[in-house]
Amino acid sequence: MATSVAAAKLSDVPEGEVLGVEVEGKRVCLANVEGEIYAFADNCSHREFPLSNGELDVDDCTITCEWHGAIFDIRTGAARGLPATRPIAVYPARVEGDEIYVDVSA
Ligand code: FES
């Protein structure tokens, strides 16, 4: 059964910004793209580096890993740029008031 958990305040993730949080023991990166919140593994699939240190591209809906430059689509988790070839997990996220809820159960 899907279980959404309060992960952060919307006000802590301004537009164009990312925030690394922990949700039920999983490291999750939240990203705000023009008011839409995306949640995905805060863990690059190349060498396990926090993607919340990376650079968000709001036009492409991608994040670039700070370490070696891998690029991921934050909507699907697909690896879009080497050296990463494996996808990252993405999680359902929703906003209620100023609260961001994320479901990491899937
Ligand atoms: S750890 Fe992310 S690109 Fe290498």
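About the thresholds
Starting from 1, residues in each chain are numbered consecutively following that chain's sequence as written. Two thresholds apply to this predicted model, a pLDDT of at least 70 for residue-level local features and 80 or more for giving and counting side-chain atom pairs, whereas whole-chain, interface and lining totals are computed over all residues. Think of the side-chain values as coming from all heavy atoms in the structure, minus any hydrogens and water. In summary, the pairing rule links any two rings of Phe, Tyr or Trp, Trp by its six-membered ring, whose centres are within 6.5 Å, and it sorts them by plane angle into stacked for under 30 degrees, edge-to-face for over 60 and tilted for everything else. Helix and strand definitions here come from DSSP, where helices need a minimum of 4 consecutive H or I residues and strands a minimum of 2 consecutive E residues; each element is numbered from the N-terminal end. A ring is considered to have a charge above it if a Lys NZ or an Arg CZ atom is located within 6 Å of its centre and within 35 degrees of its normal. We call a residue buried when its accessible area falls under 20% of the maximum for its residue type, exposed when it is over 50%, and partly exposed in between, using a 1.4 Å probe and counting protein chains only. Positive charges are assigned to Lys and Arg, negative charges to Asp and Glu, while His and the chain termini are left out of the count. Here, a salt bridge means any side-chain nitrogen of Lys or Arg that lies within 4 Å of a carboxyl oxygen of Asp or Glu. Counting of polar contacts relies on pairs of N or O atoms within 3.5 Å, with two restrictions inside protein: one atom must be capable of donating a hydrogen and the other of accepting it, and residues adjacent in sequence are counted only when both atoms are side-chain atoms.

Enquirer: Just to check I follow, could you spell out the packing of aromatic side chains for this structure?
Expert: Describing an aromatic ring pair means giving the distance of the ring centres and the angle of the ring planes. Enumeration over the complete set of coordinates arrives at one aromatic pair. Aromatic pair phenylalanine 49 and tryptophan 67: ring centres 5.4 Å apart, planes at 45 degrees, arrangement tilted. Here tryptophan 67 lies in the loop between strand S6 (62-64) and strand S7 (71-73) and phenylalanine 49 lies in the loop between strand S4 (36-41) and strand S5 (55-57), a separation of 18 residues in the sequence. Seen from the ring of tyrosine 101, arginine 94 lies directly overhead, with NZ or CZ sitting 4.6 Å from the centre.

Enquirer: I'm lost on the side chain of aspartate 103 in this one. Help?
Expert: Along the chain, aspartate 103 falls in the segment after strand S11 (99-102). Here aspartate 103 sits buried without a salt bridge, and the closest side chain of opposite charge, lysine 26, lies 7.9 Å off (N-O distance). At a separation of 2.5 Å, a polar atom in the side chain of aspartate 103 contacts the side chain of serine 105.

Enquirer: Quick question: what am I supposed to make of unusual backbone geometry here?
Expert: Only a minority of non-glycine residues have a phi that is not negative, and only a minority of peptide bonds are not trans. Residues leucine 82 and proline 83 are joined by a peptide bond in cis, for which omega reads 15 degrees. In this structure, cysteine 61 is a non-glycine residue whose phi angle is positive, near 60 degrees. Within the fold, cysteine 61 resides in the loop between S5 and S6. Judged by its relative accessible area of 5%, cysteine 61 falls in the buried class.

Function-wise, these values are silent; they only describe arrangement.
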